[in-house]
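# Observations on chain architecture
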Amino acid sequence: MEQIIQVTILGIGLGGVFALMGSGLSLVFGVMRIVNLAHPSLIIAGAFTAYWGFRLWGIDPLVMLPVATVLLAAIGVLLYKVFFERNAKSATYSEMTVLLTFAIAMIIEGALGAMFSNTQRVTSPSYATDAFFIGNVFIPKGQLYAGLVSMLIIGLLAAFLKYSRLGYAIRATTQNRDAAALLGVNVNMVGLMSFAIGIGLAGAAGALTSFVFSFFPAKHWEWIAVLMSLVVMGGMGSIVGTVIASFGLSIIAAFVGAYVGSTWSTMTFFLALFLVLLFRPQGLFGEKPELL
Amino acid sequence: MTEFLKVEGITAGYGDGPAILDGAHMTVQQGKVHCIIGPNGAGKSTLLKVIAGMLPARKGEVIFKGENLKGLRPDQTLRRGIAFVPQERALFPKMTVRENLRMGGYILNDDVERDRRIDEIFDRFPILRERADQHAGTMSGGQQQTLAMARTLILRPEIVMFDEPSLGLAPKIVREMFAIVRMIAEQGVTVLLVEQNAVMGLKHADWGVVLDLGRTLFEGSAQEVLHDPRIQELYLGGRKVA
Ligand SMILES: Nc1ncnc2c1ncn2[C@@H]1O[C@H](COP(=O)(O)OP(=O)(O)OP(=O)(O)O)[C@@H](O)[C@H]1O
Ligand SMILES: [Mg+2]
């Protein structure tokens, strides 16, 4: 029994971080129809930001989180302006973005590799290796903090989408771009803002990831498949769906890791992606996903 | 006196494609209901899109209260008081009725005023108040059309344009839609209406405009148009329409 609780807790801890990683991806897909294969490489960029903040100046990664968010959001604005804005009207936009973001992912990986080399790194604030104990069950502090902060950020994102004026505009644009434009929404600005927010969330996820997982520039390949499985399962473009899929799959993966073998843990995500695409390509939660 | 809205010699098409409209015009009188009729593909929707600024005119002009609307985007014509409900209704299916109405007032900068106007809309359309927190996409066709039409009123427009509001609705509901159209006109709002069902449309209109192959065949009071023999010809060479 204790073992089961233990594994569930570890799964939940990872689920929170994956949920944050996936929500940025979902947002960008929902609003812009961009399948952003560069998202995980941008998460790594966020992780490096937190890493160097800690290494060079001893700044806690949780304090670096807003810095990484803003920095990555700014990179998002730049990427959007350079690569996506002009092509937004093209009929093959969504397909094209797959190749485009693939190329961007390789460029970011190359740039990070050239600057920081491909060695394994992990940010090591004291809590990263510490744990709370409840009886014999231990809760790693690093994962707990990362999971809690992820949920907080996702909560803020949901409230923003639900109640703010820009949030209304983003949801409206996701559901019916032409109708939103007709009512006076500047849909191009909405695209830019959601892209920036989505990439900013990658930065935030990176800062949290940096003390939960060890990372290196090429690590993003591993995450692409994981994140794709979460987003597809959640119904492409649904943040709520992505969050549910993240927790569900992470818990399952934790059990697979504990009882089948840790090398099989990652396979859980790929297998889930495979099964979902085979039997329920629209995702687990419905035909037409919405952000919330 | 400058005319209220002048639509003259409009030529327009999509992209580099052929001219879909070629010499379309219509007279618009303030506060009246205008019904544009014509066979499938005549260019009725295209004409409304040109007026709304969704599609630029290649030739001709749209002049609203003395101002040429050439080159204006849809949100700019909206700010000038011309609201448009396209054939597809343009709702946000996964937003609630209230949220859809709020989107209708998106360009208002005063949230309090916007919500006050939404309350007025609820008084006029009690069914929308009943459904306020329901997703728009889960309502019946008639309710969705009511929402789409009501949503335009939040900005207190001078002209509203409805593209086939009766599309896909049961006859009883269609009558309700036309009652709403009349009610809107009685408040002094000018209505431009596209209708597939010529008789039904003209019976509820003051003015009729007949479009065929991208040009205006003729226009006149709704009664005149309704009884014009050319109408019979237009609709499948003599099929009875009146
Ligand atoms: N977005 C578009 N791109 C290219 N061609 C279009 C587009 N929309 C309409 N057309 C073409 O323009 C012509 C006129 O279309 P329009 O929708 O204005 O006709 P309509 O009179 O409204 O017909 P209906 O009664 O079927 O709604 C049609 O031949 C149609 O194929
Ligand atoms: Mg039409």
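Treat the numbers as computed from the prediction; the structure is a model and nothing was measured.

### Quick look at the coordination of the magnesium ion (ligand 2)
At the metal site, the magnesium ion (ligand 2) is ligated by Ser45(B) (OG) and Gln87(B) (OE1), and these contacts range over 1.9 to 2.2 Å. One end of the pair, Ser45(B), is in helix H1 (residues 44-52); the other, Gln87(B), is in the loop between strand E6 (82-85) and helix H3 (97-104), with 42 residues separating them in the sequence.

### A closer look at the packing of aromatic side chains
Residue and element names in this part refer to chain A. For the structure on display, the rule yields 16 aromatic pairs over all chains. A ring pair is formed by phenylalanine 18 and phenylalanine 269, whose centres lie 5.5 Å apart and whose planes are at 65°; its orientation type is edge-to-face. Taken as a pair, phenylalanine 18 in helix H1 (residues 2-32) and phenylalanine 269 in helix H12 (residues 267-279) lie far apart in primary sequence, 251 residues in all. The residues phenylalanine 18 and phenylalanine 269 share a single accessibility class, namely buried. Pairing tyrosine 51 with tryptophan 52 gives two aromatic rings, centres 5.1 Å apart and planes at 80°, and the pair type is edge-to-face.

### Some remarks on the sheet that holds strand E8 (residues 190-194) of chain B
Residue and element names in this part refer to chain B. Reading across from one edge, E6-E7-E8-E3-E9-E10 is the order of the six strands in this open sheet, with mixed pairing throughout. The open sheet has two edge strands with one neighbour each: E6 and strand E10 (215-221). For this sheet the average axis-to-axis angle between neighbouring strands, irrespective of direction, equals 15°. Bridge analysis of E6 against strand E7 (residues 159-163) gives four bridges, and the strand direction is parallel. Pairing of isoleucine 82 across the sheet is with isoleucine 159, part of E7. The strands that helix H6 (residues 141-153) touches are E6 and E7; relative to E6, the one it contacts most, it runs at about 170°. Running at roughly 155° to E8, helix H7 (residues 171-186) makes contact with strand E3 (33-37), E7 and E8 of the sheet.

### Thoughts on the sheet that holds strand E1 (residues 5-12) of chain B
Two pairing modes exist for strands in a sheet, parallel and antiparallel, and in both the strands are linked by backbone hydrogen bonds. All names here are of chain B. What the four strands build is an open sheet, ordered E2-E1-E4-E5; its pairing is antiparallel. On the outer flanks of this sheet lie strand E2 (21-28) and strand E5 (67-68), each paired with one strand and no other. In the packing of H1 onto the sheet, the strands contacted are E1, E2 and strand E4 (59-64), and the crossing angle to E2 comes to about 70°.

### Quick word on the site of ligand 1
Residue and element names in this part refer to chain B. Inspection of the region around ligand 1 gives 14 residues, with Asn40, Lys44, Ser45, Thr46 and Gln196 positioned closest. Alanine 42 is positioned such that a nitrogen or oxygen atom in its backbone is 3.2 Å from an oxygen atom of ligand 1. Calculation on ligand 1 without its partners gives an accessible area of 640 Å², and the protein chains cover 60% of this total. Looking at the shell around ligand 1 residue by residue, the classes come out as four nonpolar, seven polar and three charged.

Scoring rules and cut-offs
- Residues numbered from 1 in each chain as written.
- Chains lettered and ligands numbered in written order.
- Predicted model: local features only at pLDDT ≥ 70, side-chain atom pairs only at ≥ 80, totals over all residues.
- Heavy atoms only, no water.
- Donors = N, O, S within 2.8 Å, 3.2 Å for Na, K, Ca; no water.
- Helix = DSSP H or I, 4+ residues; strand = E, 2+ residues; numbered from the N terminus.
- Phe/Tyr/Trp six-rings, centres within 6.5 Å; stacked < 30°, edge-to-face > 60°.
- Buried < 20%, exposed > 50% of the residue type's maximum accessible area, 1.4 Å probe, protein only.
- Pairing = 2+ DSSP bridges.
- Axes fitted to C-alpha atoms, helices over the stretch in contact; angles between N-to-C directions.
- Contact = heavy atoms within 4.5 Å.
- Near = heavy atom within 4 Å.
- Polar contact = N/O pair within 3.5 Å; in protein donor to acceptor, adjacent residues only side chain to side chain.
- Areas by Shrake-Rupley, 256 points an atom, 1.4 Å probe, with all protein chains shown as cover.
- Nonpolar A, V, L, I, M, F, W, Y, C, P; charged D, E, K, R; others polar.

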